Amino acid sequence: MAGNSYGTLFRLTTFGESHGEALGGIIDGCPSGIIIDLEAIQLEMSRRKPGQSAIVTQRKEPDDVQFLSGIFEGKTTGTPIGFIIPNTNQKSDDYSHIKDNFRPSHADYVYEQKYGIRDYRGGGRSSARETASRVVAGAIAKQMLPKIKINAYVSSVGPLFLEKPYQDLDFSKIEDNPVRCPDPEMAIVMEDYIRDIRKQGDTVGGTVTCVIQNVPVGLGEPVFDKLHAELGKAMLSINAVKGFEYGSGFCGAKMKGSEHNDLYNTDGTTKTNLSGGIQGGISNGMDIYFRVAFKPVATIMQKQESLDNKGNITEMTGKGRHDPCVVPRAVPIVEAMAAIVLADFHLINKTLK
């Protein structure tokens, strides 16, 4: 299986399966001498871990990170940073019913067709549990770039949309509720909706908005390594992601150039920011903002038609512990992948000077 690494200079390789002994990763390219706050890394892991509230999967994992190399006396050494995250609460018997069956809209069928074998326990390598390793790398990337502020939040759940622009939101309130929506009133409505969806044995999708502030001018490499292209690739590599838009996004397609152009101030900033902080694939110093769309979780606690490995249409009902909506736990994953992209371009910029 190829495709287990991301990044050019700041490069993460992940390994592990949902119900294996552990997940883990190796981070190459992290500069030496960076003071590492281990508590901050663990806090990011706690934001992503399962079992954190009543509206997420009830799998209980502490997600404690064990660093094996690359950090000495609280600082990075410049050598590869190796780490593992032990799995402690696997319930593999919950997945025995899919040993010979392919769940609708999961990776079961394509994995078996491509590799001739699959770890059906919790989805194996295709499980979103893999993203725990990304959050570790993202937490380190954030500490590489302390001046840059990355804040993601839930901006929609199913038909419920937070209409307020991000400039009117208080990001300090994101962690005040289990949905991770910075608008307290909308957060209550979203939480009630997710609870109702769970009672129905169903799931629902949503969107995560991310805002990156204090980005210097100059990150991004035309032509094929544009900053927004790499952000898009990073976000679309996250499990369950179906869409990515930045700046004016698809709404910009409805506008005239006279409406869409961001006019300059004398200091090089712009009066508006429909460009989303990126022009020509390069950061322009304005806020970068984008939105990521997540589909509903494919495993539902309702009867559905399925396909077995003999080619027969069968009936199955989802079992195990699953999120009724992934977006609350996806927030730190989106932030982590954004941080990894920025850390990589930061290092690329340094090689060009």
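To keep things clear, this report deals only with the structure shown in the data block. Keep in mind that what you see is a predicted model, and the values were worked out from it rather than measured.

Quick look at the pattern of salt bridges now. Oppositely charged side chains can pair when the atoms bearing their charge come close. Counted according to the given criterion, the structure contains 16 salt bridges. Linking Arg-129 and Asp-63 is a salt bridge whose minimum nitrogen-to-oxygen distance equals 2.7 Å. Pair noted here: Arg-129 is in the loop between α2 (108-115) and α3 (131-144) and Asp-63 is in the loop between α1 (38-48) and β4 (66-67), with a separation of 66 residues, a long-range link. As far as burial versus exposure is concerned, Arg-129 and Asp-63 are alike and both buried.

At their nearest, the axes of α3 and helix α7 (residues 327-351) sit 7 Å apart, and the two run at 50° to each other. On the basis of their axis angle, the class for α3 and α7 is oblique. In terms of crossing hand, the pair formed by α3 and α7 is left-handed. Contacts between α3 and α7 involve Thr-131, Arg-134, Val-135, Ala-137, Gly-138, Ala-141, Lys-142 and Met-144 from the first element and Pro-332, Ile-333, Glu-335, Ala-336, Met-337, Ala-339, Ile-340, Ala-343, His-346 and Leu-347 from the second. In the contact of α3 with α7, the residues fall into 12 nonpolar, three polar and three charged.

Strands pair in a sheet through their backbones, by hydrogen bonds, and they do so in one of two ways: parallel or antiparallel. On the basis of which strands lie adjacent, the open sheet formed by five strands has the order β10-β9-β11-β15-β12 and antiparallel pairing. The sheet is open, and its two borders are formed by β10 (160-161) and β12 (241-246), each paired with just one other strand. Sheet topology note: the strand β9 (residues 149-157)/strand β11 (residues 206-213) ladder contains eight bridges and is antiparallel. Bridging across to β11, Lys-149 finds its partner in Gln-213. Where helix α4 (residues 184-199) meets the sheet, it contacts β9 and β10, and its direction lies at approximately 55° from that of β9.

Each value, and the rule that gives it
All residue numbers here refer to positions counted from 1 along the written sequence of the relevant chain. With pLDDT at 70 or above as the cut-off, local features in this predicted model cover only qualifying residues; side-chain atom pairs require 80 or more to be listed or tallied, and sums for whole chains, interfaces and linings still use all residues. With hydrogens and water excluded, all non-hydrogen atoms of the structure serve as input to the side-chain values. Think of a salt bridge as a Lys or Arg side-chain nitrogen and an Asp or Glu carboxyl oxygen that are within 4 Å of each other. Helix and strand assignments follow DSSP, with helices taken as H or I runs no shorter than four residues and strands as E runs no shorter than two, numbered in order from the N terminus. A 1.4 Å probe rolled over the protein chains alone gives each residue an accessible area, and that area as a share of the maximum for its type sets the label: buried under 20%, exposed over 50%, partly exposed in between. Fitted lines through C-alpha atoms serve as axes, helices being fitted only where they are in contact, and the angles separating the N-to-C directions of these axes extend from 0 to 180 degrees. For classification, angles of less than 35 degrees are called roughly parallel, those exceeding 145 degrees roughly antiparallel, those between 65 and 115 degrees roughly perpendicular, and all remaining angles oblique. Crossings are sorted by hand: turned counterclockwise from the far helix by less than a right angle, the near helix makes the crossing left-handed, and turned clockwise it makes it right-handed. When checking whether two residues touch, look at their non-hydrogen atoms; a contact exists if any pair is within 4.5 Å. Charged residues are taken to be Asp, Glu, Lys and Arg, nonpolar residues to be Ala, Val, Leu, Ile, Met, Phe, Trp, Tyr, Cys and Pro, and polar residues to be all remaining types, Gly included. A pair of strands is considered paired only if DSSP assigns at least 2 bridges between the two.

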